[in-house]
Amino acid sequence: MTGDEWQIPTFALLRQNGTLHDGAAAPELSHDKALRIYRAMRFTRVLDERMLAAQRQGRLSFYLQCTGEEATVVGATAALQDDDMIMAQYREQGALAYRGFSIDEFMNQLFGNALDYGKGRQMPIHYGSAEYHYMTISSPLATQIPQAVGYAYGQKLDGEGRCTITFFGEGAASEGDFHAALNMASVHQVPVIFLCRNNGYAISTPTCEQFAADGIAPRAFGYRMHVIRVDGNDLLAVYQATLEARRLAVEDNKPVLIEAMTYRLAAHSSSDDPSGYRSQKEEAAWREKDPLARMRHWLERQGWWDDDEERRREEQLRDEVLAAMKRAERQPPPPLASLVSDVYDAVPAALAEQLAALEAHVRRYPEEYPRGAAGLDGVAGSAAGGR
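Reference entry: report on the structure contained in this document. (Residues numbered from 1 in each chain as written. Predicted model: local features only at pLDDT ≥ 70, side-chain atom pairs only at ≥ 80, totals over all residues. Heavy atoms only, no water.)

This part covers the nonpolar core. Within soluble globular proteins, side chains that are nonpolar generally end up buried alongside one another. Ranked by internal contacts, the top residues of the largest apolar core, which has 72 residues, are I37, M51, M107, L110 and Y127. Per element, the largest residue contribution to this core is eleven residues, and it comes from helix α1 (residues 31-56). In this structure, I37 is in contact with L29, V74, A78, Y98, L235 and M295, ignoring residues within four places of it in sequence. By size, the runner-up hydrophobic cluster in this structure holds 24 residues, among which are M87, A152, L182 and F194. (Core = buried A, V, L, I, M, F, W, Y, C linked by side-chain atoms within 4.5 Å. Buried < 20%, exposed > 50% of the residue type's maximum accessible area, 1.4 Å probe, protein only. Helix = DSSP H or I, 4+ residues; strand = E, 2+ residues; numbered from the N terminus. Contact = heavy atoms within 4.5 Å.)

Structural data, given as structure tokens:
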């Protein structure tokens, strides 16, 4: 056998015009939940547009967009319980938006001000929230995948009917962490969902140069794991697939791999130019499969959305994002001393000595370090809620 026998089909329910495929049945979605999903998707799109513009204006150092992948991220999150753990890669802001992370909370992290829960010590888009069960993002690729297995093992021991989902791209599936994690999860039978966003490119490397097999899904067979491939631009299909994956994870302690076939309509990051490795024709073809448009068409057919509501919501979101960005920019930076806090119960002498040297340097050249100087004697704003 060569593996050519393993051609996995793609599960889909919803056509681009908002109608169901022949013989398909939509999952049960209430009016309120469906609108909660769509509003999170729409918010994510607006946030991405405005923050990329802010980065181009020099107001923000870096940004990563979710554009084109909103149905995968929000649809999967909506199928979970709100206290299931999410371990994201870096393109899952829609998951936090769905769970209730406020615009101000997003902005405080992006600008690293005194209200940022990470105290300005992370790059933009490295969100984290204990309240919303969203593990703080770390930059190294794929490290969250085996961590998700460990967390899910703890959930299995607790026996409280919770699971963990971890998001990653198909590029991250080339890391050794991916294979170690799937093996651990299968051997120890833990309630974890591995959701691979196969968006066509690992930065500039197309899938045809990443692997020779039929995508990521067949790898589950090597670990004797349940697997499904789903149309990642089809909100209903992603939601239904994740519901079943969660049932298997929580009721049977069976890990599940989901491969969501989607496309990154934006650049990899604000530092990337996709015109160097893909064509405008290719991008245009995928814009015709926009997941927001597909979900909106379905909502309209249910009588739950219309053009007036779309325009009103769009204008409202743009105003709210702009106002929150201005509030975040006006906040002072975190205290400089917070650089060495939170790691040790008591700051070690070596770190204390380094901090004292840094403070002396900043005091000597305050014009060279305006934000550092502002944080010398400041007190961080209150980040209430322990989020």
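Next comes the rest of the description.
Moving on, we get to the packing of α1 against helix α9 (residues 291-302). One way to put it is that α1 packs onto α9 with a least axis distance of 11 Å and a crossing angle of 150°. The orientation of α1 relative to α9 falls into the category roughly antiparallel. Crossing handedness for the pair α1 and α9: left-handed. Contacts from A34, L35, I37, Y38, M41, R42 and R45 in α1 reach P291, L292, M295, R296, W298 and L299 in α9. Classifying every residue of the contact of α1 with α9 by side-chain character gives ten nonpolar, no polar and three charged. (Axes fitted to C-alpha atoms, helices over the stretch in contact; angles between N-to-C directions. Parallel < 35°, antiparallel > 145°, perpendicular 65-115°, else oblique. Left-handed = near helix turned anticlockwise from the far one by under 90°. Nonpolar A, V, L, I, M, F, W, Y, C, P; charged D, E, K, R; others polar.)

Turning next to the packing of α1 against helix α10 (residues 307-330). Here α1 crosses α10 at 45°, and the two axes come no closer than 10 Å. The pairing of α1 with α10 is recorded here as oblique in orientation. Viewed along their axes, α1 and α10 form a crossing whose handedness is right-handed. Across the interface between the two elements, Y38, R39, R42, F43, V46, L47, E49, R50, M51 and A54 of α1 pack against E309, E310, R313, E314, L317, R318, V321, L322 and M325 of α10. Here the contact of α1 with α10 is built from residues that sort into ten nonpolar, no polar and nine charged.

All told, the structure shown has 30 salt bridges when counted by the stated rule. Among the salt bridges present, the one from R278 reaches E283, with a minimum N-O distance of 2.9 Å. No difference in accessibility class separates R278 from E283, as the two residues are buried. For E309, the salt bridge identified is with R312, shortest N-O distance 2.8 Å. Taken as a pair, E309 and R312 lie in helix α10 at a separation of three residues, close to a single helical turn. We classify R312 as partly exposed; its relative accessible area is 42%. Each of R42, E49, R296, E300, D307, E310, E314 and R318 takes part in a single network of salt bridges with overlapping partners. (Salt bridge = Lys/Arg side-chain N within 4 Å of Asp/Glu carboxyl O.)

Judged by pairing direction, the sheet is parallel, and its six strands sit side by side in the order β2-β1-β3-β4-β8-β7 without closing on themselves. Every interior strand has two partners, whereas the edge strands, β2 (134-135) and β7 (226-231), have only one. The sheet contact formed by strand β3 (residues 164-169) and strand β4 (residues 192-198) spans six bridges and is parallel. If you follow T164 over to β4, its bridge partner there is V192. Helix α2 (residues 70-78) rests against β1 (85-87), β3, β4 and β8 (256-261) of the sheet, and its axis sits at about 175° to β3. (Pairing = 2+ DSSP bridges.)

Another aspect to go through is the layout of surface pockets. Considered as a void within the structure, the largest pocket measures approximately 230 Å³ in volume. By residue class, the composition of the lining of the largest pocket is seven nonpolar, four polar and three charged. Among the domains, domain 1 (31-330) and domain 2 (336-377) are the pair contributing at least three residues each to the lining of the largest pocket. (1 Å grid on protein atoms, 1.4 Å probe; cavity = no way out; pocket = protein on both sides within 12 Å on 5 of 7 lines; lining within 4 Å. Points joined across faces, edges and corners; volume = space filled by probe spheres on them. Domains from an automatic or database assignment.)

Let's shift gears to helix α4 (residues 103-111). Extensive coverage of α4 is indicated by the burial of eight of its nine residues. Among the residues of α4, I103, E105, F106, M107, N108, Q109, L110 and F111 are the ones counted as buried. Close packing links the buried residues of α4 with α1, α3 (93-99), α10 and α12 (370-374).

This next bit is on the pairing of β7. Where β7 lies against β8, six bridges are found, and the strand directions are parallel. Its bridge partner lying in β8, I228 is registered against I258. Handedness of the crossover is the feature at issue here: the chain leaves β7, passes through helix α7 (residues 235-252), returns alongside β8, and the resulting connection is right-handed. (Right-handed = clockwise from strand over helix to strand, strands pointing away.)

Throughout the structure, instances matching the rule amount to twelve aromatic pairs. Relative to W305, the ring of Y38 lies with its centre 5.1 Å away and its plane at 75°, an arrangement referred to as edge-to-face. Here the residue Y38 occupies a position in helix α1, and W305 occupies one in the loop between α9 and α10, the gap between them amounting to 267 residues. The same class applies to Y38 as to W305, namely buried. Aromatic side chains F101 and Y132 sit 6.4 Å apart centroid to centroid with 85° between the ring planes, which places their arrangement in the edge-to-face category. A residue pair is termed long-range when its members are at least 10 positions apart, and F101 in the loop between α3 and α4 and Y132 in the loop between α4 and β2 qualify at 31 residues. (Phe/Tyr/Trp six-rings, centres within 6.5 Å; stacked < 30°, edge-to-face > 60°.)

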